[in-house]
Amino acid sequence: MTTLTPADATSTPPLACLGGLSAVAFMASHWQKKPLFVPAAVPDAAGVIDRETLFELAQHPDAQTRRIACKGDDWTVDHGPLRPRQLSGKGPWTVLVQGINHFLPGADALLRRFAFIPYTRLDDVMASFATAGGGVGPHYDSYDVFLIQAHGTRRWQISGQADRALRPGQPLKLMTDLRAEQSFDCRPGDLLYLPPGYAHEGVALDDCITLSVGFRAPTHQELAREFLFWLADRIDLPGFYADPDLNATTSPARVDEGLIGRVAALLQNIRWDDAMVAAFLGHYLSEPKPHVLFDAPDDALGAAAFARAAQRHGVALDLQTLMLHHGEQVYCNGEALMVEPALLAALCDLADRRFVEGERVDRALAEQLYPLYLAGHLHLARPGN
Ligand code: SIN
Ligand code: CO
């Protein structure tokens, strides 16, 4: 079974990170519907990242970082990579680093705790450091988010208010008036889930680090535009424009109705079906973000040595790799893989679990995985994995 429904609620285990709710019950009662506060949901959250590592990442050219500060009513936003002096200073400020799961296996493991939500929806883990009084101001997000406190204390004020007017002329999205309905002081390990559009403001009560597990929420416009780009390369409309019934004109610059009608009829022949939509989604949703680059292995093993090592240690997807499957198709980092039917189950399993044990790697699977190893999309698992 790949999809669980509310009928499965009693047969799925309670999850500590959801306060004892099962994944099925959470999806039915909270996901995209209402907030959930869970004290001590992720007791080991502090181990995901410390201040030193966060500051290192904030200076890293491949990390996406923002520094937000507020003096009175004046908000400033600086984009990374940051310089060391931007990571100190008096007063309230905060630094936010996106995609720390691409750098830190512990952050990837945190993301995977939410793997009861399809990978097509998962986005990344962001970490924010804030000094006392720091935060990103009152706002709402267009996506679902699990806010997990890693260090220090942050006070979240949240509201389901309908009025979401924004302050004009600000460098970031700030609501004019957040009327808090609930307040939570989140300490290390506490989790607050917020559905899209729910107003919130988190203010650090002391130096604190918060982790946000965020989800993808492309706009309808973006989905449609990307699909049409994808479709453009797959349209098959043979022939040339022809107009044997064209009439002579005294206004040659005019776009005539006959032309419009013929082209409109031609465009009616553009068709797509669910299989094409599935293929588009596989490509599009497994496409890494533009800043993501993969490192080919130094001193790459030959195919036979790779097979032997894969059989000994197993294979793990790179932290940046996006791998999805649908039916007989497997997509890896924006490409559809040519998959032998006999290997389909093993590849789907690798996509779901992001790891395959050595004893499950046979020669054929090793051959299939070898090009992905050479491209840096997967690695030999470290002994002990
Ligand atoms: C933060 O960590 O400061 C911001 C997270 C959020 O409000 O979504
Ligand atoms: Co937010």
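Residues numbered from 1 in each chain as written. Chains lettered and ligands numbered in written order. Predicted model: local features only at pLDDT ≥ 70, side-chain atom pairs only at ≥ 80, totals over all residues. Heavy atoms only, no water.

A. Representation of helix 4 (residues 220-232) within the structure. Taking 1.5 Å per residue as the helical rise, helix 4 with its 13 residues ought to reach 18 Å, and the 18 Å between its terminal C-alpha atoms agrees with that figure. For helix 4, the complete set of buried residues consists of Phe227, Trp230 and Leu231. Down the axis, helix 4 shows its buried residues gathered within 95° of arc, on one side only. In helix 4, the exposed positions that point more than 90 degrees away from the buried face belong to Gln221 and Phe229. Buried positions along helix 4 lie against helix 6 (274-285). (Helix = DSSP H or I, 4+ residues; strand = E, 2+ residues; numbered from the N terminus. Expected span 1.5 Å × (residues − 1). Buried < 20%, exposed > 50% of the residue type's maximum accessible area, 1.4 Å probe, protein only. Arc of directions from axis to C-beta. Contact = heavy atoms within 4.5 Å.)

B. Looking closely at the site of ligand 1. In the vicinity of ligand 1, the contacting residues are Leu96, Met126, Ser128, Val136, His139, Asp141, Leu147, Arg154, Trp156, His200 and Ser212. A distance of 3.0 Å is found between an oxygen atom of ligand 1 and a side-chain nitrogen or oxygen belonging to His139. The contact in question runs from an oxygen atom of ligand 1 to an N or O atom on the side chain of His200, over 3.2 Å. Surface burial for ligand 1 is 97%, taken as the share of its 260 Å² of free accessible area covered by protein chains. Looking at the shell around ligand 1, the elements that each hand over two or more residues are strand 5 (122-130) and strand 7 (154-159). The class makeup of the residues in the shell around ligand 1 is five nonpolar, four polar and two charged. (Near = heavy atom within 4 Å. Polar contact = N/O pair within 3.5 Å; in protein donor to acceptor, adjacent residues only side chain to side chain. Areas by Shrake-Rupley, 256 points an atom, 1.4 Å probe, with all protein chains shown as cover. Nonpolar A, V, L, I, M, F, W, Y, C, P; charged D, E, K, R; others polar.)

C. Molecular detail of the sheet that holds strand 3 (residues 74-79). Strand order in the open sheet formed by eight strands is 1-9-6-11-5-4-2-3, with antiparallel pairing between adjacent strands. Each edge of the sheet is formed by a strand with only one pairing partner; in this case those strands are strand 1 (36-38) and strand 3. Strand-to-strand twist across the sheet, computed as the mean angle between neighbouring axes with direction ignored, equals 20°. Relative to strand 11 (residues 208-215), strand 5 runs antiparallel, the two being bridged by eight bridges. Residue pairing across strands places Ala130 opposite Cys208, the latter belonging to strand 11. The strands touched by helix 2 (residues 51-58) are strand 2 (64-71), strand 4 (93-98), strand 5 and strand 11; relative to strand 4, the strand with the most contacts, the crossing angle is about 75°. Contacting strand 5, strand 6 (145-151) and strand 11, helix 3 (residues 105-112) crosses the sheet at an angle of about 125° to strand 5. (Pairing = 2+ DSSP bridges. Axes fitted to C-alpha atoms, helices over the stretch in contact; angles between N-to-C directions.)

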